[in-house]
Structure formats: C-alpha cells, structure tokens
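Coordinate inspection notes
One-letter residues, chain by chain:
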Amino acid sequence: MTRIYSGLPKWLYLPALIGATFIVLPLVAMATRIDWSNFFELITSQSSLTALKLSLKTASISTLMCLLFGVPIALILAREDFRGQQLVRSIVTLPMVLPPVVGGLALLYTFGRRGLLGQYFEALGLNIAFSTTAVILAQTFVAMPFLVVSLEGTLRTYGQRYEVVAATLGASPSMVLRKVTLPLILPGLLSAAVLSFARALGEFGATITFAGSLEGVTRTMPLEIYLQRVSDPQGAIALSMVLIFVAVLVMAVTAQITKRSQI
Amino acid sequence: MKTRGLKSVAMLGIATLAFAGCSTGTNETTTPESADPGTGNDATTEATAKERDLVVFAAASMEPTFTELAKQFEENNPGVTVKFNFAGSQDLQEQILGGAPADVFASANEKQMEPIVEAGLNDGEPQIFVTNTLEIVTPPGNPAGITNFASLAQEDLKLVICAPEVPCGSATKKVEESTGVTLKPVSEEDSVTNVLAKVQAGEGDAGLVYQTDAKAAGDTVLAIPFPESDVAVNKYPIVALKAAPQAELASAWVDFILSADVQAFLGEAGFGLPS
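Since the model is a prediction, treat every value here as computed from it, not as a measurement.

1. Structural notes on the overall build of chain B
Counting its regular elements, chain B contains 10 helices and 10 strands. Looking at the 275 residues of chain B, the share that counts as buried comes to 45%. If you take every contact in chain B between residues at least 6 apart in sequence, the share linking residues at least 24 apart comes to 76%. Of the roughly 13200 Å² that chain B leaves accessible, carbon and sulfur atoms contribute 54%.

What follows is the structure, encoded as structure tokens:
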C-alpha cells in the first residue's frame, strides 16, 4: 500500500484519537497496578508456568488444525462460485461473533460424553471431556474463522491471473495450488496463522464451558488468570501483562509479515 | 485505500460505543418509573416525588430468593424499585471498591466483605443473614453409585469441584482436610455454577456444590447431603453502605432480610440460618 493520496479531512483525527485512547488507556491503567518488584516471581510461579506451557502447546496445535481445515475452506470460498456460498461463509465465521460460552455449549453437545459424536467416542474408549484435546477443540473452534476470513481476503486481493496463466500452460489444479497459489499467498497465510494462534491463546469462555479447568491438563493462561484474580489479584495482573505482551508480539509479527509481502 | 477506510470506520465505531456507554450510564439512574401515578392513595403528588431506587449488590446465589423478596419489599414501600446487581462476590467487591453506586452489599463469603470494612465503606457491622453448606450432586440415577463423601475418592470417577481459590473450593478443601479423604477431580472450576452445569450435562459423575444450588437444580441432579460438610459452613454477610444514595432504604432492606418472616423464607429455599 503506497501513500499516494492523503487527503483525509483533519477532523477525522479527533474520533480516531478518542478511539485509540479508549483501547490503550485500560492497558496503561493495568500496567500502573503491577507490583513490579515481585513481577518476575509472580509470573514464574509453578502454576503460572504450567498454564503458560499448556497455553502455548494447545494454541500451537489448534493453529495447525486451523491451517489443515481452514485453508481449504478459505480457498473454496475465495475461488469457487456456488449457490449458498454467502450462507456457508456466514456459518463458517459464526464462532467469531458467538459468545464463547455458546460455542462451549455447542461443543459439549457434540463431543461431550452424551454428545452427538461424543457418545460414540466414549464407546470406543476415547474420552474428550476434561482432556487437553477438549481445549484444542475449543481453541480451534473459535480461532479457525479468523484464519478463514483473513486468508480469503488475501486470496481475493491477489486475484487469479497467475493461476489462470499456469492453468493455460497445462498445469493440473493440484499443481497450480502447490506451485502458484500457496507460494503467492504465503505471507498472508503466515499472518492468518499467527492471528488464529493469538485468538487461540486468548480463548476463555468455550474452554471453561467445555473443557473444564485442571492444572496442567485444561487450565490455560486465561483460566489461570481468572482463578488467580480471586485469591491473588497481583498475580492475575502480572499474568495478564504476560498474555498482553505475547499477544502484542504476535500481532506485531503479523503486521511485519503483511508489510513485507506488500513490497 | 480500502483498508484505511475500514480502519477509520472501526475507530469511529469504537468511539461511538464509548460515548453511548457514557450516556446510558447516566440515563439509567435518572429515568423515573413513570408507570402508575395512582398507587399512592393518600398523597399522589408526594408519591411521585418519592420514586426511589434501591440498588442491591448481591451474590449470584441470592438471585432467586432476593428477586422474589424484592416484590414484597416494593409492596411494603410504595414508590420504591429494588434494582439488583447479581454477580460473583469478588466482582461485586471490586465494583464497590471502585465506587459503584450501591446501597447494600450481600456477599456469599465473609472474605469478600473484609476489604469493604477495611476501606470503611460499611454503614454498621456486616451481619450474617444465611449460611450455606456443601452437598454432593450426581446426574439423575447416580451412575457412579455415590453414597457418601468417602466414595468420591473412588477410582476413575469424573469428579468436578470448585478450585481452592474460590469460596466453594476452599470449603471443599476444608472438608477434604478434616476427613482425610483425598479427592482427585477431573476439573477444578471457577464457580459453583460451572460445577453444577457439568454434572447436569452428565459430563461429571459427581460434583460438590452448595445445598441451595442443589435444591434450585431440582430433579436435573440428585443431591446427596453429607455430615462432614459441617466443618465448612459458608456465612453470608450483608451490610448497608456508607455512600448509599438511599441510606434509609438500605438499612430498611437489611432489617427486612433479617426479619423473622424473610429468614423463614430463606430457610425454605435451602439456606442455613445463622444461630
């Protein structure tokens, strides 16, 4: 995106400034409450580290799941043209706007012990409820739409001219996908993956509703923060800062990738 | 270009939301309940002038009973509307310390009352108005065959309890310690509601919740009381707040809750009563 035209009316800066302040100020306010002298101690407590490790592990796996299933969805939504496409798009991105607790309930009724699929898993001896798998399912459920939406946008921006050329030169659809489409959208794909990772990392509602909360198994960072808030508010604030830091880092990486891809 | 346009739209949206938030905040308290001018039969003009809101911050577990009691209180005090903020006691405590305009605070735990008293926000001593003890709940039919507290320690049981950090969890821990039974839960939830929900959904084979929650859940769960719960009686304190916009009504509500009739009503709802 090169800067050719910058004729925005000046008054636009006022609401923009208010809006930005509205987001930044609470974070600053939080930082003022941190007990910096004990900060390191607070974030390196055994339960905090366990939660952080679990969060990083589950969010990574669910990002892989998002890539595995979300990329095909994005490709189909961006490249195909079929009846009911708009409806499919709305449904696939629904978890983005659903209250997380609704997502958690929906997962419970699907994969829970008495759920639609869960009862068969249970019969096979596969137990999803209260397991790390449940956390990954919850995170994938809420994070996948972010990948799909972001990637579909990238695909549409790039258009299809190279793909069309490759196809006319005799490349098979799979070859076009592998040799042209995917390399072309790689930066967009990376930033979409990072975005869904960040969303998975912050997942709370669906996890507590569906997966439960047990140290080392299902208690991720957001759950640990929520719990510590009652008994140890200082610890909760410190952990929140860590999560904010990781999220900002992740978003900055995304922005960097996006910027580079546009040169 | 396109993304830039979107960015400013988003910015504007957030700013508008912020403003909207402010304006509804002020409206809420000033809008009079202009419903029925004929209720005050002796002095109509005075009655309309005396439209008052009593704001009660109460623990989530008080919702069913307090909502019911509010109707009676409003009947006894014409022109008064009782408004509730039901939430976890921890949330309420934070809101009150943060300056929320509350008249009364009813906490589900003495611990959450302490900071209020330390900050000198209380008008008078907090009084215990009900108590609550733990009970075992299982899905209907009791598939795991739970009979008493000790049987919660059996192998492969999907037991759901509250985390030690939250009040129901610290009560659970007390019982555990006094009985010497070691529980191996599959989940330590952040609230009684979440424990109950998991047992109701059949995900958990058993859970530990308060007797009032078990009672309110009706036949969606099977409730099993156990004598060992006596070591962890949870006490609910209530207090009028000093900064109360409706100080007089606040103490009237506290007296009302402590009155014999209301105490009997709360007892029927499953609460224990302070001795």
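On we go from here.
2. A closer look at the overall build of chain A
Check the secondary structure of chain A and you find 13 helices and zero strands. Listing every helix and strand of chain A by position from the N terminus yields α-α-α-α-α-α-α-α-α-α-α-α-α. Oriented by its inertia axes, the alpha-carbon framework of chain A measures out at about 65 × 60 × 30 Å. In the form shown here, chain A has an accessible surface area of approximately 14500 Å², with 70% of it arising from carbon and sulfur atoms. Side chains of chain A carry 19 positive and 11 negative charges; the gap between the two charge centres is 9 Å.

3. Focus on a nonpolar patch on the surface
Residue and element names in this part refer to chain A. Among the surface-exposed residues, Phe22, Ile23, Val24, Leu25 and Val28 lie close enough to one another that they form a single nonpolar patch of about 460 Å² accessible area. By secondary structure assignment, the location of Val24 is in helix α1 (residues 13–32). Residue classification places Val24 among the partly exposed residues on the basis of a relative accessible area of 46%.

4. What to know about the environment of Gly169 of chain B
All names here are of chain B. Turning to its location among the elements, Gly169 is positioned in helix α6 (residues 167–179). Using a relative accessible area of 3% as the deciding quantity, one classes Gly169 as buried. Counting along the chain gives 23 residues from Gly169 to Val192, while the straight-line C-alpha distance between them is 8.7 Å. Once you skip the residues sitting within four places of it in the chain, Gly169 turns out to touch Cys162, Ala163 and Pro164.

5. Remarks on the state of the cysteines
Residue and element names in this part refer to chain B. The full count for this structure, using the stated rule, is one disulfide over all chains. Between the sulfur atoms of Cys162 and its disulfide mate Cys168 the distance is 1.9 Å. Negative torsions about the S-S bond denote left-handed disulfides, and the value of about -95° found for Cys162 with Cys168 makes this one left-handed. Side by side, Cys162 and Cys168 carry an identical accessibility label, which is buried.

6. Overview of unusual backbone geometry
With phi around 65°, Phe130 of chain A is a residue other than glycine that occupies positive phi space. If you trace the backbone, Phe130 of chain A turns up in the loop between α7 (118–123) and α8 (132–158). Among the residues examined, Phe130 of chain A registers a relative accessible area of 6% and is labelled buried. Here Asp156 of chain B, not a glycine, exhibits a phi torsion of approximately 60°, which is positive. Summarising the element assignment, Asp156 of chain B is placed in the loop between β5 (134–138) and β6 (159–162).

7. Considering helix α10 (residues 173–201) of chain A
Taking 1.5 Å per residue, 29 residues should reach 42 Å; α10 of chain A reaches only 35 Å between its end C-alpha atoms and comes up short. At Leu186 of chain A, α10 of chain A shows its maximal kink, close to 60°; a proline, Pro187 of chain A, follows between one and four residues later.

8. Digging into the sheet that holds strand β3 (residues 104–106) of chain B
Residues and elements named next belong to chain B. Ordered by their spatial adjacency, five strands build an open sheet running β2-β1-β3-β10-β4, and the pairing between neighbours is mixed. Strand pairing shows two members of the sheet lacking a second neighbour, β2 (80–87) and β4 (122–132), which therefore form its edges. When strand polarity is set aside, the average angle formed by the axes of neighbouring strands in this sheet is 20°. In the packing of helix α4 (residues 89–97) onto the sheet, the strands contacted are β1 (52–59), β2, β3 and β10 (234–241), and the crossing angle to β1 comes to about 135°.

9. Regarding the side chain of Gln90 of chain B
Along the chain, the position of Gln90 of chain B falls in helix α4. Among the residues examined, Gln90 of chain B registers a relative accessible area of 8% and is labelled buried. Ignoring anything within four residues of it in the chain, the contact list for Gln90 of chain B reads Arg229 and Val230 of chain A together with Gln112 of chain B.

10. Considering the pattern of salt bridges
Side chains bearing opposite charge may pair, as long as their charged atoms lie close to each other. Applying the stated criterion across every chain yields a total of 12 salt bridges over all chains. Put simply, Arg113 of chain A and Glu122 of chain A hold a salt bridge, and the shortest N to O gap is 4.0 Å. Its relative accessible area of 30% is what places Glu122 of chain A among the partly exposed residues. Notably, a salt bridge pairs Lys71 of chain B with Glu68 of chain B, separated by 3.6 Å at the nearest N-O pair. A residue pair is termed a helical-turn pair when its members lie 3 or 4 positions apart in one helix, as Lys71 of chain B and Glu68 of chain B do in helix α3 (residues 63–76) at three residues. Residue classification places Glu68 of chain B among the partly exposed positions, given a relative accessible area of 41%. Connected via shared salt-bridge partners are Arg89, Glu152 and Arg156 of chain A.

Each value, and the rule that gives it
Residues numbered from 1 in each chain as written. Chains lettered and ligands numbered in written order. Predicted model: local features only at pLDDT ≥ 70, side-chain atom pairs only at ≥ 80, totals over all residues. Heavy atoms only, no water. Helix = DSSP H or I, 4+ residues; strand = E, 2+ residues; numbered from the N terminus. Buried < 20%, exposed > 50% of the residue type's maximum accessible area, 1.4 Å probe, protein only. Contact = heavy atoms within 4.5 Å. Areas by Shrake-Rupley, 256 points an atom, 1.4 Å probe, with all protein chains shown as cover. Lys, Arg positive; Asp, Glu negative; His and termini not counted. Charge placed at Lys NZ, Arg CZ, Asp CG, Glu CD. Patch = residues over 30% accessible without salt bridge, like charges linked within 9 Å, V, L, I, M, F, W, Y side chains within 5 Å. Salt bridge = Lys/Arg side-chain N within 4 Å of Asp/Glu carboxyl O. Disulfide = S-S within 2.5 Å. Expected span 1.5 Å × (residues − 1). Bend = angle between axes of the 7 residues up to and from the residue. Pairing = 2+ DSSP bridges. Axes fitted to C-alpha atoms, helices over the stretch in contact; angles between N-to-C directions.

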